[in-house]
Amino acid sequence: GTLNEILRRGLRYDYDLVVIGGGLGGLAAAKVCPALCFQAHGYTLSFSVFPELFKCDCLGGTCINVGCIAKKLMHQAALLGQAIQDSSNFGWEFNKQVSHNWTCMMEAVQLHIKAMNCSHHKQHLQDSRVTYLNALGELVAPHTVKTTDTKGAAMCHSAAVFIISTGESPRYLGIPGDREFCITSDDLFSLPHCPGHTLVVGASYMGLECAGFLAGLGLPVTVMVRSILLRGFDQKIAERIEEHMVNQRISFLRPFVLTKVEKIQEGSPGKLRVTALSSDGKETFEGEFNTVLLAIGREACTRNIGLDHVGVKYNPRTGKVLVDEEDRTNVGHIFAIGDVQKGRLDLTPVAVQAGRLLARRLYGRQRTKCDYINVPTMLFTSMEYGACGVSEERASQMYGEENIEVYHSNFWPLEWTVPGRDKYACYAKVICHIPDSERVVGVHVLGPNAGEIVQGFAVALRCGLTKEQLDSTIGIHPVCAEVLTDLTVTQRASGATVVKGTC
Ligand SMILES: NC(=O)C1=CN([C@@H]2O[C@H](COP(=O)(O)OP(=O)(O)OC[C@H]3O[C@@H](n4cnc5c(N)ncnc54)[C@H](OP(=O)(O)O)[C@@H]3O)[C@@H](O)[C@H]2O)C=CC1
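Residues numbered from 1 in each chain as written. Predicted model: local features only at pLDDT ≥ 70, side-chain atom pairs only at ≥ 80, totals over all residues. Heavy atoms only, no water.

Filter applied, for reference: UniProt positions are given in the numbering used here, feature names are shortened, and annotations may be inferred rather than shown by experiment.
In the annotation of an unreviewed UniProt entry, the protein chain is listed under the name Thioredoxin reductase 1, cytoplasmic and assigned to Scleropages formosus. The Sequence similarities (unreviewed entry) comment attached to the protein chain in UniProt states, word for word, "Belongs to the class-I pyridine nucleotide-disulfide oxidoreductase family."

Spelled out as structure tokens, the structure:
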């Protein structure tokens, strides 16, 4: 029924589908559609919506241009610094003093990003017969989008169906000096000069990841925390991450909120004076930093895309679009995927999966909906953290504390033993639901390559992994993931954990 309706209406429009937003979610939907559409004339049109990315004609949204890719590469730069330190224990000798060149790293990272943009994504769109327009899109009528290109030229296009995948951009605080003097992650990855002594405001994903790699590059870093670290994540793991960051000489200022930023010295970097107030309002903090990085969350880029013109419902505070389980808004032919959706996970692979499946449901006679349960995720903090399933707090809430068993262990990666590094920092825990044959409902790993480890276990969780199956799995020796096949100590029996080596 839906397909016939779409095809019937499609005959009257310029395009079968218009995707507003050229991030990875939108691109995933756009690339699948033309292959599935029956009408020869009906191609997909995709737009950029971030003004900055639009100016430089950049596809790939936050992930490619100002997020995951640059962040992981800079995290890698920090890991290499650690590897250089470790290498002397393995017999490497250096004559030259080792130092890090920020500009050189930044340029290399940006070069890679440009290459991904120009060659990979644009070519892929062309191959998929998708019309790409570098323009700002605004819905002006239920089936019409107005586009404005970089020269200001406007055009209208009609389409049977729209997918909104405009993503999010960093929030600002709205305090004196924030927009003038502070940067966000959108700026950090292309900052032409070394940020120097940095104050990171916000203690979730983005804040802690940036703080981690900046400290790993040898820069002094302070994190200003309003309440807790990593809200929504397993809080015992969050404590361990904080402990590791403190050992890395990152300072934490909590609980404080920033109230003012002033420039006191020009330069690259210059010097800023910040004022902050403790959460109870009793204490004031004043300090000087070279850079203030705001990582206080993001808001959906939906303000200027004409949602009000077509009656699409959204949360006026966050800009997030309300969708049903099929990713459909309250307006039948308008869908939304990725970070703009209200109440879903803001993760690139989630947007990509949602986009792909939506396109297949619309044009490919498939019914599979995006499954938002057991989505694995990873934090590129200096001590990497990978997780899939629920946190301990959530498991207790869902099943009752008496019905969950938490198996855990510290472990010491073999490659860290020779340099004698961080013996008590790596940790694994598996949360099981006792009445359901000890089904594994959460896997948490703190350690090198945590994301690589957890990805495979995420598949097992989807297949209903039990503790017994985990125990009967033979480990690979001597790797870190092996620890998950040999967890015998429960948190209930003993708070203390033993440290397992990989040999
Ligand atoms: N590795 C990955 O996969 C990554 C994923 N992401 C995704 O991007 C999304 C956004 O992440 P992120 O940018 O870290 O934002 P989040 O919304 O997750 O966290 C915002 C942080 O800023 C703090 N904060 C919010 N408002 C203020 C304020 N007015 N003053 C001081 N502190 C404040 C919050 O504190 P409080 O707890 O007190 O509210 C919290 O610590 C996340 O949902 C995440 O899924 C981002 C980066 C990496």
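1. A few points about the overall build of the protein chain
Quick reminder of the rule: By the criteria applied, helices consist of DSSP H or I runs no shorter than four residues and strands consist of E runs no shorter than two, each listed in order from the N terminus. Exposed residues in this analysis have more than 50% of their type's maximum accessible area, buried residues have under 20%, and partly exposed residues fall in between, with area computed by a 1.4 Å probe over protein chains only. Any two residues whose heavy atoms approach within 4.5 Å are treated as being in contact. Under this rule, positive means Lys or Arg and negative means Asp or Glu; His and the chain ends count for nothing. Note on charges: their place is set at NZ of Lys, CZ of Arg, CG of Asp or CD of Glu.
The helix and strand tally for the protein chain stands at 16 helices and 23 strands. Viewed in the frame of its principal axes, the protein chain has a C-alpha envelope of about 70 × 65 × 50 Å. Counting the 503 residues in the protein chain, one finds 52% classified as buried. Contacts spanning at least 24 positions in sequence make up 66% of the contacts within the protein chain whose residues lie at least 6 apart. Measuring between centres, the 49 positive side-chain charges of the protein chain sit 5 Å from its 51 negative side-chain charges.

2. Some remarks on a positive patch on the surface
We apply this condition: Within this analysis, patches are made of residues with over 30% relative accessible area and no salt bridge. Like charges are joined at 9 Å or less; nonpolar side chains (Val, Leu, Ile, Met, Phe, Trp, Tyr) at 5 Å or less. Methods summary: accessible areas were calculated by the Shrake-Rupley approach with a probe of 1.4 Å, and residue burial reflects only the protein chains presented. Definition used for salt bridges: Asp or Glu carboxyl oxygen within 4 Å of a side-chain nitrogen of Lys or Arg.
Together, R171, R226, R231 and R317 line one region of the surface with positive charge. Mapped onto the elements of the fold, R171 is located in the loop between β7 (168-170) and α7 (178-181).

3. Concerning the nonpolar core
Condition: Residues belong to a common nonpolar core when they are buried Ala, Val, Leu, Ile, Met, Phe, Trp, Tyr or Cys residues joined through side-chain atoms within 4.5 Å.
Formed by 100 residues in total, the largest nonpolar core has its most connected members in W102, I163, L188, F213, V223 and L484. Sequence-distant contacts of F213, defined by excluding residues within four places in its chain, comprise K71, M74, H75, A78, W102, L188 and F189.

4. Brief notes about the packing of aromatic side chains
For the record, the criterion: Each pair of aromatic rings taken from Phe, Tyr and Trp, with Trp reduced to its six-membered ring, is defined by centres within 6.5 Å and is described as stacked if the planes are under 30 degrees apart, edge-to-face if over 60, and tilted in the remaining cases. Geometrically, a charge over a ring is one whose NZ (Lys) or CZ (Arg) sits within 6 Å of the ring centre while staying within 35 degrees of the ring normal.
For the structure on display, the rule yields 4 aromatic pairs. A ring pair is formed by Y205 and F233, whose centres lie 5.2 Å apart and whose planes are at 75°; its orientation type is edge-to-face. With a gap of 28 residues between them, Y205 in helix α9 (residues 205-216) and F233 in the loop between β10 (221-224) and α10 (235-247) connect regions that are remote in the sequence. According to the relative accessible area criterion, Y205 is partly exposed, its value standing at 24%. Given the relative accessible area of 14%, F233 is considered buried. Note that R240 overlies the ring of Y427, its terminal NZ or CZ placed 3.6 Å from the centroid.

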